[in-house]
Structure formats: structure tokens, C-alpha cells
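Each chain is listed here by its residues.
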Amino acid sequence: MADDFTFEITENVGKISDGKGGWQLELNMVSWGGRPAKYDIRSWSPDHQKMGKGIALSKEDLVSLKNLLNSLQL
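Residues numbered from 1 in each chain as written. Predicted model: local features only at pLDDT ≥ 70, side-chain atom pairs only at ≥ 80, totals over all residues. Heavy atoms only, no water.

A.B. asks: I keep staring at the overall build of the protein chain and nothing clicks. Help me out?
C.D. replies: When helices and strands are tallied, the protein chain shows 1 helix and 4 strands. When the helices and strands of the protein chain are read in sequence order from the N terminus, they spell out β-β-β-β-α. Pairs at least 24 apart in sequence give 19% of the contacts found in the protein chain among residues at least 6 apart. Surface exposure of the protein chain reaches about 5700 Å², of which carbon and sulfur atoms provide 55%. Each charge class in the protein chain can be summarised by its mean position, and for the 9 positive and 10 negative side chains these summaries are 6 Å apart. (Helix = DSSP H or I, 4+ residues; strand = E, 2+ residues; numbered from the N terminus. Contact = heavy atoms within 4.5 Å. Areas by Shrake-Rupley, 256 points an atom, 1.4 Å probe, with all protein chains shown as cover. Lys, Arg positive; Asp, Glu negative; His and termini not counted. Charge placed at Lys NZ, Arg CZ, Asp CG, Glu CD.)

Written out as C-alpha cells, the structure is:
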């Protein structure tokens, strides 16, 4: 079943940070398995063919996260 795994980065929103070996932590819009794209935070290899663990968020989830982060005293 692993052969059926598909994804498409529909929009690169931006880089969050650099990692080892050229990997980058990024915020992207990603369609998983042909479903509608969601906001996605995870590490990607330089060619975007390998990825680390991450989190996919709906627009509503991302807005809630933004509001939460804005309330922090950093």
C-alpha cells in the first residue's frame, strides 16, 4: 500500500528554518492523496522527495494557531 502514497506541494508559503544536509522546515500547501490542500509544517529534503514528520492544518486551525502565537510574550 505504500506505493499508493501521493502528495503534491501546491504552494510554497515559506521557509521557517534550515536543518542539516540542506533540509528545511517549511510552511507549504500540500495535497495528500489527492485531497484538497492543507497548510503543512514539516522538514523537507532539498529535492522535496523526502519529508520528516509534520502537521497538516486547515485554514481555521492555522488562524487559531496564529492567534495563539500572537498572544505569547516572546
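There is more to say, and it comes next.
A.B. asks: Would you mind showing me how to read the sheet that holds strand E3 (residues 38-44) here?
C.D. replies: Strand pairing in a sheet relies on backbone hydrogen bonds, with the paired strands running either antiparallel or parallel. Read from one edge to the other, the open sheet built from 4 strands follows the order E1-E2-E3-E4, with strand pairing classed as antiparallel. Looking along the sheet, the strands with just one partner apiece sit at the ends: strand E1 (7-18) and strand E4 (51-57). Adjacent strand axes in the sheet meet at a mean angle of 25 degrees when their direction is disregarded. In this sheet, E4 lies alongside E3 in antiparallel orientation, the contact comprising 5 bridges. Directly across from Ile41, in E4, lies its bridge partner Ile55. Relative to E4, helix H1 (residues 59-71) is tilted by about 95 degrees, and along the sheet it contacts E3 and E4. (Pairing = 2+ DSSP bridges. Axes fitted to C-alpha atoms, helices over the stretch in contact; angles between N-to-C directions.)

A.B. asks: Teacher, can you tell me more about the packing of aromatic side chains here?
C.D. replies: Centre-to-centre distance and the angle between the planes together describe a pair of aromatic rings. In the structure shown here, the tally under the stated rule is 4 aromatic pairs. Between the aromatic rings of Phe5 and Phe7, the centroid separation amounts to 6.0 Å while the plane-to-plane angle is 45 degrees, which identifies the pairing as tilted. Taken together, a centroid distance of 5.4 Å and an interplanar angle of 45 degrees make the contact between Phe7 and Trp44 tilted. You can see Phe7 sitting in strand E1 and its partner Trp44 sitting in strand E3, a full 37 residues away along the chain. (Phe/Tyr/Trp six-rings, centres within 6.5 Å; stacked < 30°, edge-to-face > 60°.)

A.B. asks: I tried to follow the pattern of salt bridges on my own but got confused; where do I start?
C.D. replies: Any two side chains of opposite charge can pair, on the condition that their charged atoms come close. Applying the stated criterion across every chain, the model contains 2 salt bridges. Here Asp40 ties to Arg42 by a salt bridge, and the two come within 2.7 Å at their closest N and O atoms. Here Asp40 matches Arg42 in class, with each residue buried. (Salt bridge = Lys/Arg side-chain N within 4 Å of Asp/Glu carboxyl O. Buried < 20%, exposed > 50% of the residue type's maximum accessible area, 1.4 Å probe, protein only.)

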